[in-house]
Structure formats: C-alpha cells, structure tokens
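Residue strings, one per chain:
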Amino acid sequence: MLKKLFRKEVYAAKAYVPGKPIEDLKRELNINKIEKLASNENPLGPSPKAMEYIEKEIKNINMYPDSAAIKLREKLSEKHGVKIENIVVGSGGEELIKNIAETFINPGDEVMIATPTFGKYATDVSFLGGVVVNIPLNKEYKQDVEKIIESVNEKTKLIFICNPNNPTGNIMTKSEQEYLIKNLPQDVVVVFDEAYYDYAIKNDEYPETLNVLKERPNTIILRTFSKVAGIAAVRLGYLLTSQEICEAMYKIKLTFSVNRLAQAAALGALEDKEHIDKTVELNYKSLALMEEYFDKNKFEYIKSNANFIFVNVNMDSKIVFQKLLEKGVIIRGGFLWGWNNWIRVSTGTIDQTKIFIDRLEELVKN
Ligand SMILES: *Cc1c(COP(=O)(O)O)cnc(C)c1O
C-alpha cells in the first residue's frame, strides 16, 4: 500500500548535512572563540561598498527585483567586454550549476567531472537522471586532460572543469586548457567554474577563458561574488556564455531568484577594487604561512591558487576535524571526498592562520 510518492532520484539523493551554527558550538564546547576556516569565506568581511549599497536599497524591498538584473548585467558586460546577452545572473553559483543541469540534462546523458571536485555538479546532474563519469586526478593531483579527452563518447553532454579545483586549489594551466579544447568535439558543453578567479590570476599560467568562449560557443564560465567580494550570504553568481545558451537558461530560471539586496551588493562590490586587492594580498600571506609550517613538518600539500589549501596531515581527518573543533578551529576533513588523511583549510587573517597552525601543532605533538 505504501506508494512511492517521490521521484526516484529523491530516494537516491543524500540530505545535505549543514554545519552547526557557531553560536551553538561555542555553548556546547564551552569556548568563546571559534575560527571558521571551512567554507572559503572572506576573512576581511564583506566589501564595504557592497554594504553601503545594500543600506541604500533596503527601503525598496517591498518591490520585486528587476528579474533581468539589467543594471548589474550592464556593469558586468562592461567589465568583461561581452554583451549583456552573454550573461546570466543567479542566486549564487550554486543556483547556476543547478540551472545548467536543468538546461542540458536528459536522463542518461553523461557528465564528466574530476574526482575530487566541488560536490554540487554530481548532485545536480544525478538528480536529473544524468550519469556522472568520474575522472580521477592524475599523479600530480591535476585534472587529467588526456583521460577526459579519451573518455568522451556520443553520450557526453557536459564537462565541468573546476579551475582552480575545489578542494585541491591547483589550476588547470592555459596550455592544458588549450589542449583540452582543441581535442574536444564542439557539441560538448564545457563549464569552467572560476569561483576563485581573482586569486588564481596571480598565477601567470592561469587561462583567460573568455578567449575560449569567443571561439567556442558551447563554453560556460562561472564566477561568484561569494568568495573574494565577501558577500556569500546575499547570494550572487553569474555566467558568461553564448547568447543561445543564455536564452535557454533564462527560460528555465526562477523569475525573481536574484533579490534586490544581492543585485545592489554586487554593484557595490564591482566598484570595490581596493577590497579585492586587500583580500587577495592577505590570501597569499596566509597561504605562505601555512606552506612554511607544512614544509617544516614535511606534510605533503598541493600548491594552491585559491583561498584554501589541501594538505596531507598523516592523521585520520575525521579525528583531526573533531580535535581541532574542540580547540576552536573548524576545517574540512578530506574524508568528505574520500581522502582520509587530508584536510582542506581556508585562508584567514594572519591571526586566524597562526591559531590554526598552533592548534594543529598541538595535535601533531601528541
Ligand atoms: C563557492 C563555490 C561556488 C559558488 O558558490 P556560491 O556561493 O553559490 O556562489 C561555485 N563553485 C565552487 C567550486 C565553489 O567553491
């Protein structure tokens, strides 16, 4: 008699387990300060200009937002030298990844992703009945361009390239990207997730993917205001792609998912180069401190061009996670990706970084 009410993909899906609110943790663990180095947030806080623009916009929240986000797309179009018809904005990159799946995936379509990589791609693709094809990183922990090319078949619909890759933080270089693109069929859609673009461009070998888009319409570039701009809470991400893909995506998008405060905040953040510069500068200082410590302890780590670092601490990351938590530092355990002795640590202020290093050192000593 028990009728299965949900779509079969709902039964197969795992529920998202949210992290505990910091306030609750403090009470439970009886500590007064917690350093959260787990979600790649901006340790300097939000862009001040974004906050200023939100304040000005607050009195208008009785009215629906501009569903086409014209003003914001105009600014983005100036910034990137593309037309507004090439830009889709969304409620965070997260919504756009879902929108991509909803736009392209028929049941049985294959989607290639690296493993490990950002978890959202597989979740959203599977949910729509797409088949995820996992391509392990190569021996240098890089996305395996050769293997990706070899694995393409007539069912391949999409390829997600997270660049820099999350959780490893390393980049696909310009020449690797060129080689990939040259050897892929034109009708495979390639998504370059560049959530950490502003950090990564400090590396001369990081590609300018807009040049790929100009030659190859089935290319999608994803960017977000959650990381370097520091406005993760208000939710704003965008895509640069061909007009054809853009039009298709606007058909399936929620009309008002990008709210007024998010649009205002993004307009502010776009004017705030100073905040970005400071953030990126601090990021590389924090990374350098951690690298120095890891080198000293002979911990293997992957060279990062993002605002986090993936390191092998030679200990069970479930235990490391729990012990660091009890000492007031939250990180991500590599067990989440099946890399049991690795941890992913977000960069922080210099103080936060030193606290993390001290607490980890206490674990190492015992
Ligand atoms: C953070 C992140 C995003 C987007 O996050 P939003 O907050 O939803 O904009 C996308 N891709 C990767 C790899 C990320 O780390």
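If you're wondering where the values come from, they're calculated on a predicted model, not measured in any experiment.

So, how was this worked out
- Residues numbered from 1 in each chain as written.
- Predicted model: local features only at pLDDT ≥ 70, side-chain atom pairs only at ≥ 80, totals over all residues.
- Heavy atoms only, no water.
- Helix = DSSP H or I, 4+ residues; strand = E, 2+ residues; numbered from the N terminus.
- Expected span 1.5 Å × (residues − 1).
- Buried < 20%, exposed > 50% of the residue type's maximum accessible area, 1.4 Å probe, protein only.
- Near = heavy atom within 4 Å.
- Polar contact = N/O pair within 3.5 Å; in protein donor to acceptor, adjacent residues only side chain to side chain.
- Areas by Shrake-Rupley, 256 points an atom, 1.4 Å probe, with all protein chains shown as cover.
- Nonpolar A, V, L, I, M, F, W, Y, C, P; charged D, E, K, R; others polar.
- Core = buried A, V, L, I, M, F, W, Y, C linked by side-chain atoms within 4.5 Å.
- Contact = heavy atoms within 4.5 Å.
- Salt bridge = Lys/Arg side-chain N within 4 Å of Asp/Glu carboxyl O.
- Pairing = 2+ DSSP bridges.
- Axes fitted to C-alpha atoms, helices over the stretch in contact; angles between N-to-C directions.
- Parallel < 35°, antiparallel > 145°, perpendicular 65-115°, else oblique.
- Left-handed = near helix turned anticlockwise from the far one by under 90°.
- UniProt positions renumbered as here; feature names shortened; annotations may be inferred.
- 1 Å grid on protein atoms, 1.4 Å probe; cavity = no way out; pocket = protein on both sides within 12 Å on 5 of 7 lines; lining within 4 Å.
- Points joined across faces, edges and corners; volume = space filled by probe spheres on them.
- Domains from an automatic or database assignment.

Caption draft 1: Highlighting helix 5 (residues 92-104). In a regular helix each residue adds 1.5 Å, so 13 residues correspond to 18 Å; helix 5 covers 19 Å between its end C-alpha atoms and thus fits that length. Looking only at helix 5, the buried set comprises Gly92, Gly93, Glu95, Leu96, Ile97, Asn99, Ile100, Ala101 and Phe104.

Caption draft 2: Here's a closer look at the site of the ligand. Near the ligand lie 13 residues; those nearest to it are Asp193, Tyr196, Thr224, Ser226 and Lys227. Within the contact set of the ligand, a nitrogen atom lies 2.6 Å away from a side-chain nitrogen or oxygen of Asp193. One nitrogen or oxygen atom from the side chain of Lys227 is found 3.1 Å from an oxygen atom belonging to the ligand. Taking 390 Å² as the accessible area of the ligand by itself, protein coverage stands at 93%. Per-element accounting of the shell around the ligand gives the leading share, three residues, to helix 5. Partitioning the shell around the ligand into residue classes produces four nonpolar, five polar and four charged.

Caption draft 3: Up close: the nonpolar core. The biggest cluster of nonpolar side chains holds 24 residues, and the ones touching the most others in it are Leu72, Val89, Phe225 and Leu240. Of all the secondary structure elements, the ones that give two or more residues to this core are helix 3 (48-57), helix 4 (70-80), strand 2 (87-90), helix 10 (210-215), strand 8 (237-240) and helix 12 (260-270). With five residues, helix 12 is the single largest residue contributor to this core. With near-sequence residues (within four places) excluded, Val89 lies in contact with Ala69, Leu72, Arg73, Leu76, Leu96, Gly237, Tyr238, Tyr250, Lys253 and Val258.

Caption draft 4: Geometry of the pattern of salt bridges. Following the criterion strictly, the structure yields 22 salt bridges and no others. Between Glu23 and Lys26 there is a salt bridge, and its shortest N-O distance comes to 3.3 Å. Linking Glu23 with Lys26, this pair stays in helix 2 (residues 22-29), spanning three residues, or about one helical turn. Since its relative accessible area comes to 21%, Lys26 is described here as partly exposed. Salt bridges sharing partners connect three or more residues here, namely Arg7, Lys8 and Glu9.

Caption draft 5: Fine view of the sheet that holds strand 10 (residues 308-312). Spatially, the four strands line up as an open sheet ordered 9-10-13-12, and their pairing is antiparallel. The sheet is open, and its two borders are formed by strand 9 (300-301) and strand 12 (332-333), each paired with just one other strand. Here strand 12 pairs with strand 13 (residues 342-346) via two bridges, running antiparallel. Each residue of the ladder has a partner; that of Gly333, found in strand 13, is Ile343. Across the face of the sheet, helix 13 (residues 273-296) comes into contact with strand 9, strand 10 and strand 13 while running at roughly 5° to strand 10.

Caption draft 6: Main features of the packing of helix 4 against helix 12. Running from N to C, helix 4 and helix 12 cross one another at 25°; their axes reach a closest spacing of 9 Å. Our classification of the angle between helix 4 and helix 12 gives roughly parallel. Seen from above, helix 4 lies across helix 12 with left-handed handedness. Residues Lys71, Leu72, Lys75, Leu76 and Lys79 of helix 4 lie in contact with helix 12, whose contacting residues are Gln263, Ala266, Leu267 and Leu270. By residue class, the composition of the contact of helix 4 with helix 12 is five nonpolar, one polar and three charged.

Caption draft 7: Spotlight on the side chain of Thr224. Relative to the helices and strands, Thr224 is located in strand 7 (residues 219-224). Among the polar contacts listed, one links the side chain of Thr224 to the backbone oxygen of Leu236, at a separation of 3.5 Å.

Caption draft 8: Seen up close, the sheet that holds strand 6 (residues 189-193). The strand order 2-8-7-6-5-3-4 describes an open sheet built from seven strands, whose pairing is mixed. Bordering the open sheet on either side are strand 2 and strand 4 (131-136), each of which pairs with just one other strand. The mean angle between the axes of side-by-side strands here comes to 20°, regardless of whether they run parallel or antiparallel. As paired elements, strand 5 (residues 156-162) and strand 6 share five bridges and run parallel to each other. Paired with Leu158 across the strands is Val189, a residue of strand 6. Contacts between helix 4 and the sheet are confined to strand 2, strand 7 and strand 8, with strand 2 contributing the most and set at about 130° to the helix. Relative to strand 2, helix 11 (residues 243-252) is tilted by about 30°, and along the sheet it contacts strand 2, strand 7 and strand 8.

Caption draft 9: Spatial organisation of the UniProt feature "domain: Aminotransferase class I/classII large" (unreviewed entry) in the protein chain. According to UniProt, the feature "domain: Aminotransferase class I/classII large" (unreviewed entry) maps to residues 34-360 in the numbering used here. A helix fraction of 41% and a strand fraction of 17% characterise residues 34-360, whose end C-alpha atoms lie 14 Å from each other.

Caption draft 10: Broad picture of the layout of surface pockets. Put simply, the second largest pocket is a space of about 470 Å³. Elements with a contribution of two residues or more to the lining of the second largest pocket: helix 4, helix 9 (197-200), strand 7, helix 12 and helix 13. Take the lining of the second largest pocket: its biggest share by element is four residues, from helix 13. Tallied by class, the residues present in the lining of the second largest pocket amount to 12 nonpolar, two polar and nine charged. Each of two domains, domain 1 (13-45 + 274-365) and domain 2 (48-270), supplies a minimum of three residues to the lining of the second largest pocket.

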